[in-house]
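So you can see what is in the structure, the chains are spelled out below.
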Amino acid sequence: MQTENLWWSYLYFHLPNYALALLFWTLIGRFLFALFLPPDSPNYIYRWFRRLTDWLMRPVAFITPAIVPPKALAPIAAFWVAIARVVFFVLLHAAGLTPRVVAQ
């Protein structure tokens, strides 16, 4: 019996899913660092979290009401990334393109 490789056979599913998960957790990390560090902190991890997520923070800041404090934008952006990840899964699942677990 030949077994199917669930990683390579579904690479089109795993790579975007992994990228969205990485972006989500980077946004959560950015938020947690922002609670304790100033925006111009020399902390290299925080600087990289900001560099990796700044491209997403601008559109989120644009669509978020101005009354929301800037430190709260990272969890809001993480929420939108989580929604995008769920929508991505639902669309691929509806098309039959997600990995399936087969009981033997």
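One can find the structure itself at the top, above this paragraph.
### Remarks on the side chain of R30
Move 1: Residue position: R30 is located in helix α1 (residues 11-36).
Move 2: By relative accessible area, R30 is classed as buried at 10%.
Move 3: Of the polar contacts made by the side chain of R30, one reaches the side chain of T53; its length is 2.7 Å.
Move 4: The residues contacting R30, other than those within four sequence positions of it, are Y46, F49, R50, T53, D54, M57 and A74.

### Focus: helix α2 (residues 44-63)
For the α-helix, the turn length of 3.6 residues means that residues three or four positions removed from each other point alike.
Move 1: Its 20 residues give α2 an end-to-end C-alpha distance of 29 Å, which sits within 8% of 28 Å, the value for a rise of 1.5 Å per residue.
Move 2: Within α2, the axis deviates most sharply at D54, by approximately 55 degrees.
Move 3: All of the buried residues along α2 are Y46, T53, L56, M57 and V60.
Move 4: Where α2 is buried, its residues meet α1 and α3 (73-94).
Move 5: Put simply, N43 is the residue that caps the front of α2, since its side-chain oxygen is 2.9 Å from the backbone nitrogen of I45.

About the thresholds
- Residues numbered from 1 in each chain as written.
- Predicted model: local features only at pLDDT ≥ 70, side-chain atom pairs only at ≥ 80, totals over all residues.
- Heavy atoms only, no water.
- Helix = DSSP H or I, 4+ residues; strand = E, 2+ residues; numbered from the N terminus.
- Buried < 20%, exposed > 50% of the residue type's maximum accessible area, 1.4 Å probe, protein only.
- Polar contact = N/O pair within 3.5 Å; in protein donor to acceptor, adjacent residues only side chain to side chain.
- Contact = heavy atoms within 4.5 Å.
- Expected span 1.5 Å × (residues − 1).
- Bend = angle between axes of the 7 residues up to and from the residue.

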